[in-house]
Amino acid sequence: MTRLIVFLSVITALVLALVLFSYKSLPVSNDKFNLHATTESYEKQEHLVETLLAPKEKVVEVEVEVKEYAPVVDLNTPQLVAGHKLFTQCISCHGKGGEGKTSQKAPFIGGQFDWYIEKQLTDMKAGTRVNAVMNPILKGLNPQDIKDLAAYVSRLPWKKPVEGAPAEAAAAH
Ligand code: HEC
């Protein structure tokens with residue numbers, strides 16, 4: 001009986017020793033508590049949320065139709081050639097003949113005095129004449145461009161029809 005008890009004790013001790021030994025050899029890792037990695041991934045998420053929540057930049061666009069068109073005016077000077085080219089930015093509102101467009105609230109300008117057109121464009125570029133539509137369009141034009149435009153527009157044949165007058169009278173200007 002005593003022998004059996006000793007034998008069992010020895011077996012139990014051996015098993016215990018084995019179990020303890022195997023515990024000791026388990027790899028120890030604290031990956032789960034890697035603070036650096038946790039902070040990094042948190043920052044990534046934060047950045048993503050910030051990007052998604054960032055307000056989109058507002059872009060105000062003025063529609064400017066630029067297209068080639070046959071000249072209405074005899075382009076017999078370099079100034080008129082330049083003016084015709086520049087006027088492509090204007091026809092969507094003021095019309096090829098400078099006849100204007102009511103839907104755009106753009107006045108007729110064809111056949112107007114060149115000095116008047118030049119003054120209006122200069123004032124609108126400087127901002128002393130305020131118009132939300134015209135002001136930004138003139139930003140990219142220099143004084144020479146404005147002179148060229150004025151020369152071209154003043155020669156446009158369009159004229160406000162006078163009531164009762166024959167159509168030819170309006171066209172011949
Ligand atoms: C998007 C439409 C638009 C475009 C493009 C545009 N204009 Fe205008 N333009 C207007 C409007 C609207 C007015 C009226 C301004 C006001 O009410 O003060 C105006 C006014 C003017 C006037 C003043 C007329 C007057 O009797 O006092 C001139 C000159 C003129 N534009 C020339 C041009 C020229 C030259 C270009 C091209 C470089 C051009 N515009 C392009 C809309 C436009």
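Where an unreviewed UniProt entry is consulted, the protein appears under the name Cytochrome c, with the organism given as Bacteriovorax antarcticus.

Engineer: Give a detailed account of the overall build of the protein, specifying residues and quantitative values.
Structural biologist: Across its full length, the protein holds eight helices and zero strands. Each helix and strand of the protein, ordered N terminal to C terminal, gives the series α-α-α-α-α-α-α-α. Per-residue burial over the protein gives 23% buried out of 173 residues. In the protein, of all internal contacts separated by at least 6 residues, the share reaching a separation of at least 24 is 55%. Put simply, the protein shows about 13800 Å² of open surface, and 63% of that area lies on carbon and sulfur atoms.

Engineer: I'd like to hear about the packing of helix 3 (residues 78-86) against helix 7 (residues 143-155), residue by residue, with values.
Structural biologist: The geometry of helix 3 relative to helix 7 is characterised by a closest axis approach of 8 Å and an angle of 90° between their N-to-C directions. Taken together, helix 3 and helix 7 sit at an angle that is classed as roughly perpendicular. Along its contact with helix 3, which presents Q79, L80, A82, G83, H84 and L86, the element helix 7 presents Q144, D145, K147, D148, L149, A151, Y152 and R155. Residue composition of the contact of helix 3 with helix 7, by class: six nonpolar, four polar and four charged.

Engineer: Before we move on, could you go through the packing of aromatic side chains and cite the residues and values that matter?
Structural biologist: One pass over the full model with this rule turns up three aromatic pairs. Look at F87 and Y152: their rings are 5.6 Å apart centre to centre, the planes differ by 50°, and that puts the pair in the tilted class. With F87 in the loop between helix 3 and helix 4 (91-94) and Y152 in helix 7, this residue pair connects regions lying 65 residues apart in the sequence. Here F87 matches Y152 in class, with each residue buried. Note on W115 and Y116: the rings are 6.4 Å apart at their centroids and 85° apart in plane angle, and the pair reads as edge-to-face. For Y116, a relative accessible area of 34% puts it in the partly exposed group. Following the ring pairs from residue to residue traces out a cluster consisting of F113, W115 and Y116.

Engineer: An account of a negative patch on the surface is needed here, citing residue identities and associated values.
Structural biologist: On the surface, E40, E43, E46 and E50 cluster together into a negatively charged patch. Checked against the element boundaries, E46 lands in helix 2 (residues 35-53). What makes E46 partly exposed here is its relative accessible area of 38%.

Engineer: Lay out the coordination of the iron atom of the ligand with the relevant residues and their values.
Structural biologist: Within the protein, H94 (NE2) and M134 (SD) serve as the donor atoms for the iron atom of the ligand, at 2.0 to 2.1 Å. The site at the iron atom of the ligand holds six donor atoms, and with the angles between them running 80 to 178°, its shape is octahedral. Note that H94 is positioned in helix 4 and M134 in helix 6 (residues 134-138), a separation of 40 residues in sequence. Of the two residues, H94 and M134, neither departs from the other in class, the shared state being buried.

Engineer: Please provide a residue-by-residue account of the site of the ligand, values included.
Structural biologist: Neighbouring the ligand are 20 residues, the closest being C90, C93, H94, R129 and M134. Within the side chain of Y116, an N or O atom sits 2.8 Å from an oxygen atom of the ligand. Note that an oxygen atom of the ligand is positioned 2.7 Å from one of the side-chain N or O atoms of R129. Considering every element that reaches the shell around the ligand, the biggest residue donor is helix 5 (residues 114-126), with five residues. Looking at the shell around the ligand residue by residue, the classes come out as 13 nonpolar, five polar and two charged.

Conventions adopted
- Residues numbered from 1 in each chain as written.
- Predicted model: local features only at pLDDT ≥ 70, side-chain atom pairs only at ≥ 80, totals over all residues.
- Heavy atoms only, no water.
- Helix = DSSP H or I, 4+ residues; strand = E, 2+ residues; numbered from the N terminus.
- Buried < 20%, exposed > 50% of the residue type's maximum accessible area, 1.4 Å probe, protein only.
- Contact = heavy atoms within 4.5 Å.
- Areas by Shrake-Rupley, 256 points an atom, 1.4 Å probe, with all protein chains shown as cover.
- Axes fitted to C-alpha atoms, helices over the stretch in contact; angles between N-to-C directions.
- Parallel < 35°, antiparallel > 145°, perpendicular 65-115°, else oblique.
- Nonpolar A, V, L, I, M, F, W, Y, C, P; charged D, E, K, R; others polar.
- Phe/Tyr/Trp six-rings, centres within 6.5 Å; stacked < 30°, edge-to-face > 60°.
- Patch = residues over 30% accessible without salt bridge, like charges linked within 9 Å, V, L, I, M, F, W, Y side chains within 5 Å.
- Salt bridge = Lys/Arg side-chain N within 4 Å of Asp/Glu carboxyl O.
- Lys, Arg positive; Asp, Glu negative; His and termini not counted.
- Charge placed at Lys NZ, Arg CZ, Asp CG, Glu CD.
- Donors = N, O, S within 2.8 Å, 3.2 Å for Na, K, Ca; no water.
- Tetrahedral: all angles 85-135°; square planar, octahedral: opposite > 155°, others 65-115°.
- Near = heavy atom within 4 Å.
- Polar contact = N/O pair within 3.5 Å; in protein donor to acceptor, adjacent residues only side chain to side chain.

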